[in-house]
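Chain by chain, the residues run as shown.
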Amino acid sequence: MGALTSKLKKYKHDRGPEFPKKIWQIWKTDIFSLEDRDLNRARSWTAKNPDFRYELLNDHNDITYLEDRYGPAYLNRPDIVAFYRALNDTIIKADLLRYLVMYADGGVYADIDADALKPVHRFIPARYDQSEIDMVIGIEVDQPEFRKHPILGPKSMSFCQWTLMCKPRLPLMLHLAENVMSWLSDTAAKQGTTISDVALDFDGVISGTGPSAFTKAVLDHMNSEPLPFPITWSHFHLMDESKVVNRILVLGVEAFAAGQGHSDSGDHKSRFALVHHHYHASSWPSNHPRLTHPAYGEVESCNWKADCVKKWDDNVLAFNDLSPEDKMRLIEERNRELAHEREKEKEAEEQARKLEQLGLAEAKAQEEEERKREEYERDMDLRFAGL
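This write-up is about the structure you can find in this document.

Reading guide: rules and limits
Residues numbered from 1 in each chain as written. Predicted model: local features only at pLDDT ≥ 70, side-chain atom pairs only at ≥ 80, totals over all residues. Heavy atoms only, no water. Helix = DSSP H or I, 4+ residues; strand = E, 2+ residues; numbered from the N terminus. Buried < 20%, exposed > 50% of the residue type's maximum accessible area, 1.4 Å probe, protein only. Contact = heavy atoms within 4.5 Å. Disulfide = S-S within 2.5 Å. Phe/Tyr/Trp six-rings, centres within 6.5 Å; stacked < 30°, edge-to-face > 60°. Lys NZ or Arg CZ within 6 Å of the ring centre and 35° of its normal. Salt bridge = Lys/Arg side-chain N within 4 Å of Asp/Glu carboxyl O. Pairing = 2+ DSSP bridges. Lys, Arg positive; Asp, Glu negative; His and termini not counted.

**Examining the side chain of serine 265**
Here serine 265 shows up in the loop between helix 9 (253–257) and strand 10 (275–277). Residue serine 265 is classed as buried on the basis of its relative accessible area of 2%. If near-sequence neighbours (up to four positions away) are discounted, serine 265 is found in contact with Val253, Glu254, Ala257, Ala258, Gly259 and Gln260.

Here is the structure:
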């Protein structure tokens, strides 16, 4: 910890009066190669924040960015550049890169599948002074009643990291990035491999690089200053209004995570909803599978509903006492159900694709009609001018 503290002291934290007017996103391709769906969502950020600079980091320019910001002319952390260069896992790189961007440059980070519902200035309620805030985050999961559940427990209380706003050089973000690097190195050593080939399941990603790692770093930072009492999740459970703790503004769950169907997250029509996260970029679990029971599937499919979780737990417990024949029968029944569900999902995806294409076609037709109307009006103006 002493070495980390000495490194942090080298970098002066910019406690400027305002947050940088920058919007950052990360994806596989450059902005000119985005699918229409992703491009329209990226445009939602620039349309609602026309005075902000926008930048999309991708698989082709991420190293260039890090070599610039963390190279000898700036932050001089070649160890970070080398570590990132050695990574192969897409989601690990995406998690680490957002933390490094927020530390070096600050501004707003948003996942590529997140729509801006309101301008960034709405992130900070009018009653707060922006100069007294260094970071803005929101709640993602607020289900502490599951804290002791063997699978759900570590994920039951977390801040959202698919959208956040930060001032540059906040020690928390460098501390978080270094925690991720240290954890990955230790995990690779335990597996007898390199960080390039480290294997992580879903929970490993969540706890090691994702929301759980982010939440722990935030809570550690909040408790880094002398306080009359320790800051725990109880300070954010069922939060009625936003609050600032050690210069971090915490927004309610509706702000960045509305419409989840849990954590009292409301819906996207709420006046408090700032972002709509669509999750279509969240395909990474296919490479990092969740713990899945062969007969009863994933407990996460309960979406934090207590009766469903209890039934899953009871079924799994009872499964262990069944005969091999009964176990196989239940597994075969589940496989048939999964095949049926996959077929329905394909149909739903195709229907959604057709509706999206129809919407884009209608929008283009409307633009063309507007263009023709403007041309007609210009032509009429010229004719009247010639009379």
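**Remarks on the state of the cysteines**
Enumeration according to the criterion identifies one disulfide in this entry. The disulfide partner of cysteine 302 is cysteine 308, and the S-S distance across this bridge is 2.1 Å. Taking the sign of the S-S torsion, about -65° here, the bridge from cysteine 302 to cysteine 308 comes out left-handed. With no disulfide partner, cysteine 160 has as its closest neighbouring cysteine sulfur the one in cysteine 166, 14 Å distant.

**Observations regarding the packing of aromatic side chains**
Applying the stated rule across the entire model yields nine aromatic pairs. Measuring from centroid to centroid gives 5.5 Å for tryptophan 24 and tyrosine 65, while their planes differ by 65°, and the two rings are edge-to-face. In this pair, tryptophan 24 is assigned in strand 1 (residues 22–26) and tyrosine 65 in helix 3 (residues 62–69), connecting sequence segments 41 residues apart. Overall, tyrosine 65 belongs to the buried group, its relative accessible area being 6%. With a centroid separation of 4.9 Å and 50° between ring planes, the pair formed by phenylalanine 159 and tryptophan 233 is classed as tilted. With phenylalanine 159 in strand 6 (residues 157–159) and tryptophan 233 in the loop between helix 8 (211–222) and strand 8 (243–245), the pair connects residues that are 74 residues apart, well separated along the chain. Accessibility expressed as a relative area gives 7% for tryptophan 233, which makes it buried. A network of ring pairs unites the aromatic residues Phe159, Trp233 and Phe236 as a single cluster. Between arginine 69 and the ring centre of tyrosine 74, over which it is positioned, the NZ or CZ distance is 5.7 Å.

**A look at the pattern of salt bridges**
Here the structure, examined in full by the defined rule, presents 21 salt bridges. Across the pair arginine 37 and aspartate 38 runs a salt bridge, and its minimum N-O distance is 3.5 Å. In this structure, arginine 329 and glutamate 333 form a salt bridge, with 3.2 Å as the shortest nitrogen-oxygen distance. On the criterion of helical spacing, the pair formed by arginine 329 and glutamate 333 is a turn pair, its members being four residues apart in helix 11 (residues 324–386). In this structure arginine 329 comes out as partly exposed when scored by relative accessible area, which is 39%. Linked through salt bridges whose partners overlap, the residues forming this network are Lys22, Asp68, Arg69 and Asp105.

**Brief notes about the pairing of strand 7 (residues 163–166)**
Side-chain alternation along strand 7 places Thr163 and Met165 on one buried face and Leu164 and Cys166 on a second face that is also buried. By the bridge criterion, two bridges tie strand 5 (residues 135–142) to strand 7 in an arrangement that is antiparallel. Each residue of the ladder has a partner; that of methionine 135, found in strand 7, is cysteine 166.

**Let's talk about unusual backbone geometry**
For arginine 169, which is not glycine, the phi dihedral falls at a positive 65°. Summarising the element assignment, arginine 169 is placed in the loop between strand 7 and helix 6 (171–191). For tryptophan 304, which is not glycine, the phi dihedral falls at a positive 70°. Looking at the secondary structure, you find tryptophan 304 in the loop between strand 10 and helix 10 (306–319).

**Regarding the pairing of strand 9 (residues 248–251)**
Covered by surrounding structure in strand 9 are Ile248 and Val250 together with Leu249 and Leu251, the residues of both alternating faces. Bridge analysis of strand 5 against strand 9 gives four bridges, and the strand direction is parallel. Paired with valine 136 across the two strands is leucine 249, which belongs to strand 9. Examined bridge by bridge, strand 8 and strand 9 share three bridges and lie antiparallel to one another. Note on strand 9: the bridge partner recorded for lysine 243 is valine 250. Here strand 8 folds back onto strand 9 in antiparallel fashion, the turn holding two residues, of which asparagine 246 has a positive phi close to 50°.

**Some words on the side chain of aspartate 62**
Inspection of the secondary structure assignment puts aspartate 62 in helix 3. Although aspartate 62 is buried, it makes no salt bridge; lysine 93 carries the closest opposite charge, 4.0 Å away. If we skip the residues at most four places from it in the chain, aspartate 62 touches Tyr84, Lys93 and Leu97.

Read these as geometric descriptors, not functional statements.
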